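Commentary on secondary and tertiary structure
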Amino acid sequence: MAIRTIRTEGDEILRKKSKKVEVIDEKIRELIQDMKETLHKYDGVGLAAVQVGILKQIVVIHESEDEPIYVLINPEIISQSGTQIVEEGCLSFPNKFAKIKRPEKISIQALDENGKKIKITGEKLLAQAISHEIDHLNGEVFIDKIVPGTLEIIRQEN
């Protein structure tokens, strides 16, 4: 397995729509494992395949050590409700943070890494993460949705 390179701001692949996964084979399972390792290496909450340069509808989400790692293949939103204004960042936009309007609750259906149909309903952080990662699959990035005047750029000390 391997840590993948995360595509960052300015990389045109981040604006492309991902394609449905037709077959879950060893290559897809290896990509998923690499995505999990990459997510942990960079201490993220979620990662879409497009962020590592693969235009496939695959997302991994891990809210915290107490929670399971969700693998979502071909996720589709069934419903969403409420709104929350959240502080958000993105592994593809390092050191940028802003307030974003996201659904407070979201329900999706997807396939897991074994091809089994799953339904997940998430609230608060999980709803935020699912919404953020599905946006990536549609070629949308969080800076498109910033509440005006809330962008913060954290400068790294040399």
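Residues numbered from 1 in each chain as written. Predicted model: local features only at pLDDT ≥ 70, side-chain atom pairs only at ≥ 80, totals over all residues. Heavy atoms only, no water.

**Describing the packing of aromatic side chains**
Under the convention used in this document: Only Phe, Tyr and Trp rings are paired, with Trp represented by its six-membered ring, and only when their centres lie within 6.5 Å; those with planes under 30 degrees apart are stacked, over 60 edge-to-face, the remainder tilted. Under the scheme used here, helices are H or I runs from DSSP no shorter than 4 residues and strands are E runs no shorter than 2 residues, and both carry numbers assigned from the N terminus. Any Lys NZ or Arg CZ that is within 6 Å of a ring centre and within 35 degrees of that ring's normal is treated as a charge sitting over the ring.
Using the criterion set out here, one finds 1 aromatic pair in the structure. Considering the side-chain rings of F93 and F142, the 5.8 Å spacing of their centres and the 75° angle between planes classify their relative orientation as edge-to-face. Pair noted here: F93 is in the loop between β4 (84–88) and β5 (96–102) and F142 is in the loop between α2 (124–137) and β8 (152–153), with a separation of 49 residues, a long-range link. Over the aromatic face of Y42 sits the side chain of K41, whose NZ or CZ is 5.8 Å from the ring centroid.

**Side note on the layout of surface pockets**
This is how it is decided: A pocket here means an open set of points on a 1 Å grid, computed over the protein atoms alone, that has protein on both sides within 12 Å along at least five of seven lines. A cavity is instead a set of points where a 1.4 Å probe fits but cannot get out; residues with an atom within 4 Å of a point line either one. Grid points are joined across faces, edges and corners, and a volume is the space filled by probe spheres set on the points. The residue classification treats Ala, Val, Leu, Ile, Met, Phe, Trp, Tyr, Cys and Pro as nonpolar and Asp, Glu, Lys and Arg as charged. All others, Gly included, are polar.
Empty space within the largest pocket amounts to approximately 340 Å³. Taken together, 21 residues line the largest pocket, and the ones lying closest to its centre are G44, V45, G89, C90 and L91. Among the secondary structure elements, those contributing two or more residues to the lining of the largest pocket are β4, β5 and α2. With 5 residues, the top contributor of residues to the lining of the largest pocket is α2. For the lining of the largest pocket, a count of residues per class yields 9 nonpolar, 7 polar and 5 charged.

**Topic: the side chain of E133**
The criterion, for reference: When a residue's accessible area, from a 1.4 Å probe over protein chains only, is under 20% of the maximum for its type it is buried; when over 50% it is exposed; and in between it is partly exposed. When charges are counted, Lys and Arg contribute as positive and Asp and Glu as negative, whereas His and the chain ends are disregarded. Salt bridges are counted wherever a side-chain nitrogen of Lys or Arg sits within 4 Å of a carboxyl oxygen of Asp or Glu. Residues count as neighbours in contact if any of their non-hydrogen atoms are within 4.5 Å of one another.
Looking at the secondary structure, you find E133 in helix α2. The buried charged residue E133 lacks any salt bridge, with R102 as its nearest oppositely charged partner at 8.1 Å. Aside from chain neighbours lying at most four places away, what touches E133 is G46, L47, A48, Q51, V59 and I61.

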